[in-house]
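Descriptive analysis of the structure
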Amino acid sequence: MKNTTLLLLLLTSVFISCNCTKTVTATPSIYDNAWELEYISGSRIAFDGLYPENKPTVMFDKTEMRVSGNSSCNGYSGDFTLTENQIKIGEIMQTMRFCEGGGEQAFQGMMKKINKVAFDSEGKLLLLLDDIPMMRFKKIVKRQ
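Not measured: the values here are computed from a predicted model.

1. As for the layout of surface pockets
- What the largest pocket holds in volume is close to 250 Å³.
- Forming the boundary of the largest pocket are 15 residues, of which Pro52, Ser72, Cys73, Cys99 and Glu100 lie nearest the centre.
- Of the residues that constitute the lining of the largest pocket, the class distribution is six nonpolar, five polar and four charged.

Written out as structure tokens, the structure reads:
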């Protein structure tokens, strides 16, 4: 009985933890929204240390097939292609302002690596390397 209860608890926790990256039923669109970075993988520096003032942003223009935004210090833009959930970001051009810290380099380096797009259960944009979420963005509320 003790082993059965333990097994049931283990299976329940695995099921609940796997639920966190499910795609929402009404899939949001990456287009017509600005997205603000709230998580980036791979950095040894805390997120708020990487981006103490401005968080990086990203916007996808469906008409022009351009990605643009701010990498916390410099503006950037480039071409992209999107087929289903497969994304390929082309060469990124950016402004040349001097930036301290490693946040901008971490962001730009990760943008070159991602190859998939998904949404989590809260409708947040996930940019993935294969099936691993590398960056998570929240939608920026448009002000009127």
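After presenting the structure, the write-up continues.
2. Digging into unusual backbone geometry
- At Met65, a position not held by glycine, the phi torsion is positive, near 55 degrees.
- Given the relative accessible area of 26%, Met65 is considered partly exposed.
- Not every positive phi belongs to a glycine, and Glu84 is a case in point at roughly 55 degrees.
- Mapped onto the fold, Glu84 is located in the loop between strand S4 (75-83) and strand S5 (86-94).
- For Glu84, a relative accessible area of 76% corresponds to the exposed category.

3. What to know about the pairing of S5
- Relative to S5, S4 runs antiparallel, the two sharing seven bridges. Bridged to Leu82 within S5 is Ile87.
- In this antiparallel pair of consecutive strands, S4 and S5, the connection spans two residues, and Glu84 shows a positive phi of 55 degrees.

4. Topic: the pairing of strand S3 (residues 66-70)
- Judged from the three bridges that link them, strand S2 (residues 57-61) and S3 form a sheet pairing that is antiparallel. In the sheet register, Met59 faces S3, and the bridge partner there is Ser68.
- Counting the residues that bridge the hairpin from S2 to S3 gives four residues, and of these Met65 lies at a positive phi of roughly 55 degrees.
- Joining the antiparallel neighbours S3 and S4 is a turn of four residues, in which Ser72 adopts a positive phi near 95 degrees.

The rules we used
- Residues numbered from 1 in each chain as written.
- Predicted model: local features only at pLDDT ≥ 70, side-chain atom pairs only at ≥ 80, totals over all residues.
- Heavy atoms only, no water.
- 1 Å grid on protein atoms, 1.4 Å probe; cavity = no way out; pocket = protein on both sides within 12 Å on 5 of 7 lines; lining within 4 Å.
- Points joined across faces, edges and corners; volume = space filled by probe spheres on them.
- Nonpolar A, V, L, I, M, F, W, Y, C, P; charged D, E, K, R; others polar.
- Buried < 20%, exposed > 50% of the residue type's maximum accessible area, 1.4 Å probe, protein only.
- Helix = DSSP H or I, 4+ residues; strand = E, 2+ residues; numbered from the N terminus.
- Pairing = 2+ DSSP bridges.

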